[in-house]
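These are the residues of each chain, in order.
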Amino acid sequence: MPKALYQKYRPQRWAELTDQNAIKITLTNQLMRGEVAQAYLLVGPRGVGKTTTARLLAKSVNCLNRKEGEAEPCNSCEVCISIQNGNSLDVMEIDAASHTGVDHVRETILEGAQVTAGTAKHRIYIIDEVHMLSVSAFNAMLKILEEPPAHVIFILATTEAHKVPLTIISRCQRFDFRQVSSDAIRTRLAMICASEKVTI
């Protein structure tokens, strides 16, 4: 079955991430220094690269072939491929809009976080639209964000940061994504059209 263009051309390396240079530089510097945080909050409108950045970070942190002082994932090891294909048991992507309740947070996150990672180095939870969690779910998450197990990294993404409790925000490194510029979109579309042999 053919892949949709957004899947086929989703950036798989930091160098391919479009128009979020400050965020890219900060995160790649953390990776090169080996100083990755345990919780991140990615904020911004839809379609600016929050989920892509979360997956890149998950791959880079867990890549089996990434050498010390480097940031780019190899995209060829077992872990990189499983994360790329969305079937890694160590990288959990959760849509908070569909799982708002405290029971789901307890079963999926709190209990799962106690289990060490399998083939990867870290167990990573990517929680999209995190502002949709209920008050009781946020309260349950707060405890593990205060004292996270060493092998766990949380990456929270939201389009509405003002709905995320300050107690959660204060325990995360926050990155604000901006709208992608018209020039960057034009350049990216030209590259995709050339690759697809489409005349525009």
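Look above for the structure.
Residues numbered from 1 in each chain as written. Predicted model: local features only at pLDDT ≥ 70, side-chain atom pairs only at ≥ 80, totals over all residues. Heavy atoms only, no water.

### Some thoughts on the overall build of the protein
In step 1: When you go through the protein residue by residue, the secondary structure sums to eight helices and five strands.
In step 2: If you list the helices and strands of the protein from N to C, you get α-α-β-α-α-β-α-β-α-β-α-β-α.
In step 3: Relative to the globule expectation of 16 Å for 200 residues, the C-alpha radius of gyration of the protein, 17 Å, shows essentially globular dimensions.
In step 4: Along the first, second and third principal axes, the C-alpha atoms of the protein reach 55 × 35 × 35 Å.
In step 5: Within the span of the protein, comprising 200 residues, buried residues form 46% of the whole.
In step 6: Across the protein, every contact between residues at least 6 apart in sequence was considered, and the portion connecting residues at least 24 apart equals 78%.
In step 7: Accessible surface, the protein as shown: approximately 10,600 Å² in total, 53% of it carbon and sulfur.
In step 8: Distance between charge centroids for the protein: 5 Å, based on 23 positive and 21 negative side chains. (Helix = DSSP H or I, 4+ residues; strand = E, 2+ residues; numbered from the N terminus. Rg over C-alpha atoms; globule rule 2.2 N^0.38 Å. Buried < 20%, exposed > 50% of the residue type's maximum accessible area, 1.4 Å probe, protein only. Contact = heavy atoms within 4.5 Å. Areas by Shrake-Rupley, 256 points an atom, 1.4 Å probe, with all protein chains shown as cover. Lys, Arg positive; Asp, Glu negative; His and termini not counted. Charge placed at Lys NZ, Arg CZ, Asp CG, Glu CD.)

### With respect to the environment of Thr-26
In step 1: Here Thr-26 lies in helix α2 (residues 21-33).
In step 2: Along the sequence, Thr-26 and Ile-153 sit 127 residues apart, while their C-alpha atoms lie 17 Å from each other.

### Thoughts on the packing of aromatic side chains
In step 1: A complete count under the given rule lists two aromatic pairs for this structure.
In step 2: Ring centres 5.6 Å apart and planes at 20° place the aromatic pair Tyr-125 and Phe-154 in the stacked group. Placement of Tyr-125 in strand β3 (residues 123-128) and of Phe-154 in strand β4 (residues 152-158) is noted, with a sequence separation of 29 residues between them. Per residue, the accessibility class of Tyr-125 equals that of Phe-154, and both read buried. (Phe/Tyr/Trp six-rings, centres within 6.5 Å; stacked < 30°, edge-to-face > 60°.)

### Examining the pattern of salt bridges
It is possible for side chains of opposite charge to pair when their charged atoms get near one another.
In step 1: Counting across every chain of the model gives twelve salt bridges.
In step 2: Put simply, Glu-72 and Arg-13 hold a salt bridge, and the shortest N to O gap is 3.9 Å. With Glu-72 in the loop between α3 (50-62) and α4 (78-84) and Arg-13 in the loop between α1 (5-8) and α2, this pair connects stretches of sequence that are 59 residues apart.
In step 3: Across the pair Lys-143 and Glu-147 runs a salt bridge, and its minimum N-O distance is 3.9 Å. Neither Lys-143 nor Glu-147 differs from the other in exposure class; each is exposed. (Salt bridge = Lys/Arg side-chain N within 4 Å of Asp/Glu carboxyl O.)

### Quick look at unusual backbone geometry
It is generally the case that most residues other than glycine have a negative phi and that most peptide bonds are trans.
In step 1: Unusually for a residue other than glycine, Asp-19 sits at a positive phi of about 60°.
In step 2: Tracing the chain through its elements places Asp-19 in the loop between α1 and α2.
In step 3: A positive phi angle is found at Asn-75, which is not glycine, with a value near 65°.
In step 4: Counting through the fold element by element, Asn-75 comes out in the loop between α3 and α4.

### A word on the environment of Ala-15
In step 1: Structurally, the position occupied by Ala-15 is in the loop between α1 and α2.
In step 2: For Ala-15, a relative accessible area of 52% corresponds to the exposed category.
In step 3: As a C-alpha pair, Ala-15 and Ile-124 span 109 residues in sequence and 22 Å in three-dimensional space.
In step 4: Apart from the residues within four sequence positions on either side, Ala-15 is in contact with Lys-24 and Glu-72.

### Brief notes about the nonpolar core
Considering soluble globular proteins, one finds that nonpolar side chains tend to be buried as a cluster.
In step 1: Of all hydrophobic cores here, the largest spans 29 residues; its most connected members are Trp-14, Tyr-40, Leu-42, Leu-57, Ile-124, Ile-155 and Phe-175.
In step 2: The set of elements that each furnish at least two residues to this core consists of α2, β1 (39-43), α3, α4, β3 and β4.
In step 3: Counting residues per element, this core draws most heavily on α3, at five residues.
In step 4: Contact partners of Leu-42, with chain neighbours within four places excluded, come to Lys-50, Thr-53, Ala-54, Ile-155, Leu-156, Ala-157, Thr-158, Phe-175 and Phe-177. (Core = buried A, V, L, I, M, F, W, Y, C linked by side-chain atoms within 4.5 Å.)

### Details of the sheet that holds strand β2 (residues 91-95)
In step 1: Here we have five strands laid out as an open sheet, ordered β2-β3-β4-β1-β5, and parallel in their pairing. In this open sheet, the two edge strands, each paired with only one partner strand, are β2 and β5 (173-176). The average undirected angle you get between the axes of adjacent strands in this sheet is 15°.
In step 2: Bridging between β3 and β4 involves five bridges; their strand directions are parallel. (Pairing = 2+ DSSP bridges. Axes fitted to C-alpha atoms, helices over the stretch in contact; angles between N-to-C directions.)

On their own, these measurements won't tell you what the molecule is for.
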